[in-house]
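Notes for the structure review
The residues making up each chain are set out below.
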Amino acid sequence: MINPKLNPYLGDEERSFYNTVFQFSEDKVYPSSEERDEKEIWSDELWKEFSKAGLTGLTIPAEYGGEGASCLLCSIATDAFASGSLDGGIGLSWVAHLVIGTMPIVFQGTEAQKAKYLTKLATGEWMAGFALTEPASGSDAASLLTKAEEVEGGWKLNGSKTFITNGPVGQVFIVMARTSEKGRGPMGISAFIVESNTPGFKVSKVLKKLGHHTSMTAELVFEDMIIPKENLLGPLNTGFMRIGKETLEWERTVFVAGLSGAMEFCFRKGMRYANERVQFGKSISSFYGMRDILVRNWVYIQAARRLIYWVAERKDRGIPSPLESSLGKLISSELAEDVAKDTVQLFGGYGYMKEYAVERFYRDVKLGTIGGGTSEIQRSIISSLYPGKEKFQKEFSAIGNPQSVTDSIQNLLFDIILIMDGEPNRKKQQSIEFAFADVLSVFVILCLSEIDTHKTIDSYPKEEKMIDRKLLSYYLVGKYLMSMSRLNQFVKKELNEIWNLYRELANSIEETVHTRFSSLQELA
């Protein structure tokens, strides 16, 4: 059982579930992860273990043999799984099966489609995948060229897909294809349920990747493949809009939650290594540079969790959250990159060696800022979906009586958002668009940390939360200040004030790091 202080945002039932998934991951998956990663192989035997543990049908309603888990519970599951094994590859295949491969059928399938496919997907007898990306259409996914032509008896599919997770091992794929030539955008694209044993389906190439070696990825080719008429998923010509809208928010939350768990794995291993590794006659954990890495990693883990769980809870309440899910994916994936890089640095030469799992995360983590929409696409989404100050102020507000430097920074970010609300260049100039997205993202993260200080959590005292909030503002403003500076022509006064407050934070940051590191020792 993992120390409850490592993840303080779980209720009793959630913690029990988290511990179950963590133990499964640590006991069943972790022992073979290095070998499978080195050989770049898929394990059918491990997939059967997922099935035995009831993990292959988490997202599927109970009436079809699944667990009917909420978005939050699925996020907790991927968090726990990554924390137990740091096997990003098989975790990626699992999430692709659970979310983008299965949930389109949950959301849009007919009763006959659900009865036929969901029962076997729930048991893991069949594995699912999602085929959207093509060689010539990546971020511009709606420009896809794969075509489905209506013929006698069904649809004839021709085209190719690339970067398809579970391509070589899956049995069922949700395939996007153009069914109308009216326009080249998202309208006119339909979704189809495609079985891999259909004549004309071909895995043309198994792809070699930088990371996620334990997940199989492929190019798929469809050559005059006849799909039964009843395998059209959802209304004709609306598959891209309907399925993309409903599924991507889940993907950008549940998949990214695994990064929190992976960061926690790195934190635990890093704390132990730093305490045991002796240089210059003392453990390296006695040096400020190492403490700074570990404290920053801790603060980033909890910030990512607050953000991801917040988005998941919104989804479970039925609140559309495309902006929030993009914000969660953007920031969590970029923080995870920092944690991966810094953990390898902490381990030094050993961090560069295959025998230490942290080098695997260093390779795996890059997918977080690319897959499911690049960081650049997320910034465009965040900026374009910003609802305007009236709606924004219904959910967020300035702190009425700021008590700390961090409170003042948060209020200044709020002011910048309101000032930029009516600035036409925000939508015309990409550098301004991206900077605005970063301001909005940092504000939301700090806002969530402020809200958290008013909640009582036995394993996370308010005093520790306040220290972490101070550290979070120091690290985040430092990370994103260069981007924010692009708004200087519009909000020079506010940015200067943020800079002055940041320097004030810096005056006491070393002492704060030492204090917080000492209190984190119980987690070593």
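First, a word on what this report is: a plain description of the structure on this page. This is a predicted model, so every value here is computed, not measured.

**Focus: the overall build of the protein chain**
Across its full length, the protein chain carries 18 helices and ten strands. What you see for the protein chain is a C-alpha radius of gyration of 23 Å, in line with the 24 Å of a compact globule of 524 residues. In terms of overall dimensions, the protein chain has a C-alpha envelope of 75 × 55 × 40 Å along the principal axes. Sorting the 524 residues of the protein chain into buried and exposed places 59% on the buried side.

**What about the packing of helix H9 (residues 322–347) against helix H16 (residues 462–484)?**
Following both chains from N to C, one finds H9 and H16 inclined at 100°, their axes separated by 13 Å at the closest point. When the interaxial angle is binned, H9 and H16 end up roughly perpendicular. Here H9 contributes Ile331, Glu334, Leu335 and Asp338 to the contact with H16, which in turn contributes Leu476, Lys479 and Tyr480.

**Quick word on helix H1 (residues 12–39)**
With 28 residues, H1 extends 39 Å from end C-alpha to end C-alpha; this agrees with the ideal 40 Å at 1.5 Å per step. Along its length, H1 shows its largest kink, about 50°, at Val29, and proline Pro31 lies within four residues downstream of that point. Summarising the contacts, the buried residues of H1 are in contact with helix H2 (44–52), helix H3 (71–85), helix H4 (88–101), helix H7 (239–276), helix H8 (288–316) and helix H10 (358–364). Looking one or two residues beyond H1, the residue adopting positive phi is Glu40, at roughly 55°.

**A word on unusual backbone geometry**
For Glu40, which is not glycine, the phi torsion reads 55° and is therefore positive. Located in the positive-phi region is Asp224, a residue other than glycine, with phi close to 50°. Structurally, Asp224 is set in strand E7 (residues 217–228). Overall, Asp224 belongs to the partly exposed group, its relative accessible area being 48%.

**Some words on empty space enclosed by the protein**
Overall, the coordinates contain four cavities of 30 Å³ or more when judged by the stated rule. In this structure, the largest cavity spans a volume of roughly 250 Å³. Lining of the largest cavity is provided by 19 residues; of these, Ala82, Gly88, His212, Gly258 and Leu259 occupy positions nearest its centre. Every element with two or more residues in the lining of the largest cavity is listed here: H3, H4, H7 and H10. Among the residues forming the lining of the largest cavity, the class breakdown is eleven nonpolar, six polar and two charged.

**Describing a nonpolar patch on the surface**
Taken together, the side chains of Tyr350, Tyr352 and Met353 present a nonpolar region at the surface, about 360 Å² in accessible area. The residue Tyr352 is located in the loop between H9 and H10 in this model.

**Focus on the packing of aromatic side chains**
For any pair of aromatic rings, geometry is given as the distance between the ring centres together with the angle between the planes. On inspection of all chains with the given rule, the structure shows 31 aromatic pairs. With 5.9 Å between their ring centres and 50° between their planes, Phe201 and Phe222 make a pair best called tilted. Here the residue Phe201 occupies a position in strand E6 (residues 201–206), and Phe222 occupies one in strand E7, the gap between them amounting to 21 residues. For Phe201, a relative accessible area of 13% corresponds to the buried category.

**So, the layout of surface pockets**
Reported here for the largest pocket is a volume of approximately 1600 Å³. Along the walls of the largest pocket sit 50 residues, with Thr133, Ile370, Gly371, Gly372 and Gly373 positioned nearest its centre. Every element with two or more residues in the lining of the largest pocket is listed here: H4, strand E3 (154–165), H7, H9, H10 and helix H11 (375–385). Of the residues forming the lining of the largest pocket, the biggest block, eleven residues, is contributed by H7. Within the lining of the largest pocket, the residues separate by chemical class into 24 nonpolar, 16 polar and ten charged. Approximately 350 Å³ is the volume found for the second largest pocket. Around the second largest pocket, the lining is made up of 15 residues, and of these Arg306, Trp310, Glu313, Leu448 and Lys455 lie nearest the centre. For the lining of the second largest pocket, the secondary structure elements donating two or more residues are H8 and helix H15 (430–452). The leading source of residues in the lining of the second largest pocket is H8, at six residues.

**Overview of the packing of H9 against H11**
Between H9 and H11, the least distance of the axes is 9 Å, while the angle of their chain directions is 145°. You can see that H9 and H11 cross each other, and the crossing is left-handed. Here Pro322, Leu323, Ser326, Leu327, Lys329, Leu330, Ser333 and Glu334 of H9 lie close against H11, whose contacting residues are Ser375, Gln378, Arg379, Ile381, Ile382 and Leu385. Of the residues that constitute the contact of H9 with H11, the class distribution is seven nonpolar, four polar and three charged.

**Overview of the environment of Leu144**
Inspection of the secondary structure assignment puts Leu144 in the loop between strand E1 (128–131) and strand E2 (147–151). Here Leu144 falls in the buried class, since its relative accessible area comes to 0%.

**Thoughts on the nonpolar core**
Counting 156 residues, the largest nonpolar core has Phe361 and Leu487 as its most contacted members. At 16 residues, H7 tops the list of elements feeding residues into this core. Excluding residues within four positions of it along the chain, Leu487 makes contact with Ile416, Met420, Ile432, Ala435, Phe436, Val439 and Leu495. In this structure, Ala131, Trp155, Ala218 and Ile227 belong to the second largest nonpolar core, which totals 17 residues.

The rules behind the values
- Residues numbered from 1 in each chain as written.
- Predicted model: local features only at pLDDT ≥ 70, side-chain atom pairs only at ≥ 80, totals over all residues.
- Heavy atoms only, no water.
- Helix = DSSP H or I, 4+ residues; strand = E, 2+ residues; numbered from the N terminus.
- Rg over C-alpha atoms; globule rule 2.2 N^0.38 Å.
- Buried < 20%, exposed > 50% of the residue type's maximum accessible area, 1.4 Å probe, protein only.
- Axes fitted to C-alpha atoms, helices over the stretch in contact; angles between N-to-C directions.
- Parallel < 35°, antiparallel > 145°, perpendicular 65-115°, else oblique.
- Contact = heavy atoms within 4.5 Å.
- Expected span 1.5 Å × (residues − 1).
- Bend = angle between axes of the 7 residues up to and from the residue.
- 1 Å grid on protein atoms, 1.4 Å probe; cavity = no way out; pocket = protein on both sides within 12 Å on 5 of 7 lines; lining within 4 Å.
- Points joined across faces, edges and corners; volume = space filled by probe spheres on them.
- Nonpolar A, V, L, I, M, F, W, Y, C, P; charged D, E, K, R; others polar.
- Patch = residues over 30% accessible without salt bridge, like charges linked within 9 Å, V, L, I, M, F, W, Y side chains within 5 Å.
- Areas by Shrake-Rupley, 256 points an atom, 1.4 Å probe, with all protein chains shown as cover.
- Salt bridge = Lys/Arg side-chain N within 4 Å of Asp/Glu carboxyl O.
- Phe/Tyr/Trp six-rings, centres within 6.5 Å; stacked < 30°, edge-to-face > 60°.
- Left-handed = near helix turned anticlockwise from the far one by under 90°.
- Core = buried A, V, L, I, M, F, W, Y, C linked by side-chain atoms within 4.5 Å.

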